[in-house]
Amino acid sequence: MSEEQIKNLEAEFEARIARDEKIEPKDWMPEKYRQTHIRQISQHAHSEIVGMLPEGNWITRAPSLRRKVALLAKVQDEAGHGLYLYSACETLGISRDELYEQLHSGKAKYSSIFNYPTVTWADMGAIGWLVDGAAIINQVPLCNTSFGPYARAMVRVCKEESFHQRQGYEIMLKLCEGTPEQKELAQDALNRWWWPSLMMFGPTDAESTHTEQSMKWKLKRKTNDELRQQFIDQTVPQAEILGLTIPDPDLKWNEERQSYDFGEINWDEFWQVVKGHGPMNKERMKARVGAWERGEWVRDAAMAHAEKQQERKDKKAV
C-alpha cells in the first residue's frame, strides 16, 4: 500500500471518528489505534478478573445467607465482565492466551485498587460503594466509545456495576444504622478506601501519557481529572447521608466552581502500587497464576471433548 493510500485511509478514519461512527473489527484502523485499544480493553478485562479476588476473600465469611448469595452473584458478574472484554479485545487480533500471558508476566496492568487488602466485612460495602461507584463514572462514557465491540460490551457491564454500587451502599447504610462498633467499621473502611478510589481515575491530566490521544479518538470522553471531580462531587453527599466523614481535611465546597476542592493525592503511593509494590500485588499475581496452572487439566479436557464432538460431527457428515 502506497503512502498516499495510507494517508487517504487515515483521513477517512479520522472523519468517521469525527462523525461519531463506530469502528468495527474488520474496518481499516491505524495500528496505534488498535494497540491503544488492546492496552485499554485488556487492562479493563484483567481488572475485572483480578477484582474478583479481594471480594472472593469474604464469600465464606459473609454475615448472612442473603449477603453470601449477593456477594457470590457479584463476583460471578465480574467474571462475566472479564469474558465480555477479553472477547472484545480478541476482535483486534490478539489471542486469549497472549492476554493471559501478558497479565501473568506483569507486562499488562490492572486497576491499582485491587492491590489493597480487604480486612473487614465493611470493606465489601466500601468496595461496592466507592470502587464500583468510581468504575461507573469511568465506564458509562465508554458506552459511546468509538470501537464498536467495546462500546456494546460496556452497556451490560454498566448496568450490572450499577447494581453492585447500590449493593455496597446498602451494606454501608446497614452498618451505619447499627451499633457504634458497626458504624466505626464503616468509617474505618471509608478511611482506607477513599484515597485509593480517587487514584482509580489515573494520574493527573498533566502526567497522563494516554489521555490526549484517547480523547482525540473518542476512546475516552472525559479526562482523568474531570472524572475524578465528578466522583467526588457525587460521593460526598452520599457520605453525609451515611453520617460518615470523608478522610480529607482539605475537602470543602467551592461556591464559585460549584464543586468540591480536595486535598493532594499521594502520587508516590499510586506509582508504587502501579509498579507492583502495593500491599497485595504479589499475592494477587500468585493467586491468578496459581489458578491458571491448576486449571490446565480442565482446559485440556474441554479441548479434548470439543475435538471428539467435532470428529463425530465430521463422521456423520461423510
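Up top you'll find the structure we're talking about.
Quick caveat: nothing in here was measured; it's all calculated off a predicted structure.

Peer 1: An account of the pattern of salt bridges is needed here, citing residue identities and associated values.
Peer 2: Taken as a whole and judged by the stated rule, the model has 17 salt bridges. Residue E31 pairs with R34 through a salt bridge whose shortest N-O separation is 2.9 Å. Here R34 and E31 lie together in helix α2 (residues 31-50), a separation of 3 residues that amounts to about one turn. For E31, a relative accessible area of 46% translates into the label partly exposed. Taking the shortest distance from any N to any O, the salt bridge between E160 and R156 comes out at 3.1 Å. Taken together, the residues E160 and R156, both in helix α7 (residues 148-176) and 4 residues apart, mark about one turn of the helix. Each of E12, R16, R19, E21 and D27 takes part in salt bridges that share partners, so that together they form one network.

Peer 1: Summarise the packing of aromatic side chains; cite the residues concerned and give the values.
Peer 2: Tallied over the full model, the rule gives 13 aromatic pairs. Ring geometry for F13 and W28: centres 6.3 Å apart, planes at 80 degrees, overall edge-to-face. Note that F13 is positioned in helix α1 (residues 3-18) and W28 in the loop between α1 and α2, a separation of 15 residues in sequence. Here F13 falls in the buried class, since its relative accessible area comes to 2%. When its relative accessible area of 31% is taken as the criterion, W28 is described as partly exposed. Site record: aromatic cluster; members linked through ring pairs are F13, W28, Y33 and W217. Sitting above the plane of the W58 ring, R61 keeps its charged end 3.9 Å from the centroid.

Peer 1: An account of unusual backbone geometry is requested, with residue identities and associated values reported.
Peer 2: It is generally the case that most residues other than glycine have a negative phi and that most peptide bonds are trans. A positive phi is found at D20, a non-glycine position, where the angle reads about 65 degrees. Phi is positive for Q258, which is not a glycine, with a value near 60 degrees.

Peer 1: Kindly report on the packing of helix α6 (residues 122-139) against helix α8 (residues 180-199), identifying the contributing residues and their values.
Peer 2: One can describe the packing of α6 onto α8 by two numbers: an axis separation of 9 Å at closest approach and a directional angle of 30 degrees. In the crossing of α6 with α8, the sense of the turn from one axis to the other is right-handed. Counting all contacts with α6, which are made through A122, D123, A126, I127, W129, L130, V131 and A134, the residues of α8 involved are L185, A186, A189, L190, R192, W193, W194 and S197. Across the contact of α6 with α8, the residue classes break down as 13 nonpolar, 1 polar and 2 charged.

Peer 1: Go over a nonpolar patch on the surface, please, and point to the residues and values.
Peer 2: Together, M1, I6 and W28 make up an exposed nonpolar region whose accessible area comes to about 300 Å². Relative to the assigned elements, M1 resides in the segment before α1.

Peer 1: Provide a residue-level description of the nonpolar core, including the pertinent values.
Peer 2: Core analysis: the largest hydrophobic core is formed by 77 residues, its most contacted members being W129, W193, W194 and F231. Setting aside chain neighbours within four positions, we find W193 in contact with I113, Y116, P117, T118, D123, A126, I127, L130 and V131.

Peer 1: Which residues make up the side chain of R288, and what values do they have?
Peer 2: The topology assignment puts R288 in helix α12 (residues 281-294). Of the buried charged residues, R288 lacks a salt bridge, with D97 as the closest side chain of opposite charge at 11 Å.

Peer 1: Would you mind going over α8 in detail, with residue names and values included?
Peer 2: Taking 1.5 Å as the rise per residue, α8 with 20 residues should run 28 Å; its terminal C-alpha atoms sit 30 Å apart, in good agreement. At W193, α8 shows its strongest bend, of approximately 35 degrees, with the proline P196 following within four residues. Residues of α8 that are buried: A186, Q187, A189, L190, W193, W194, W195, P196, S197, L198 and M199. Check the buried side of α8 and you find it contacts α6, α7, α10 (224-242) and α11 (267-277).

Conventions we followed
- Residues numbered from 1 in each chain as written.
- Predicted model: local features only at pLDDT ≥ 70, side-chain atom pairs only at ≥ 80, totals over all residues.
- Heavy atoms only, no water.
- Salt bridge = Lys/Arg side-chain N within 4 Å of Asp/Glu carboxyl O.
- Helix = DSSP H or I, 4+ residues; strand = E, 2+ residues; numbered from the N terminus.
- Buried < 20%, exposed > 50% of the residue type's maximum accessible area, 1.4 Å probe, protein only.
- Phe/Tyr/Trp six-rings, centres within 6.5 Å; stacked < 30°, edge-to-face > 60°.
- Lys NZ or Arg CZ within 6 Å of the ring centre and 35° of its normal.
- Axes fitted to C-alpha atoms, helices over the stretch in contact; angles between N-to-C directions.
- Left-handed = near helix turned anticlockwise from the far one by under 90°.
- Contact = heavy atoms within 4.5 Å.
- Nonpolar A, V, L, I, M, F, W, Y, C, P; charged D, E, K, R; others polar.
- Patch = residues over 30% accessible without salt bridge, like charges linked within 9 Å, V, L, I, M, F, W, Y side chains within 5 Å.
- Areas by Shrake-Rupley, 256 points an atom, 1.4 Å probe, with all protein chains shown as cover.
- Core = buried A, V, L, I, M, F, W, Y, C linked by side-chain atoms within 4.5 Å.
- Lys, Arg positive; Asp, Glu negative; His and termini not counted.
- Expected span 1.5 Å × (residues − 1).
- Bend = angle between axes of the 7 residues up to and from the residue.

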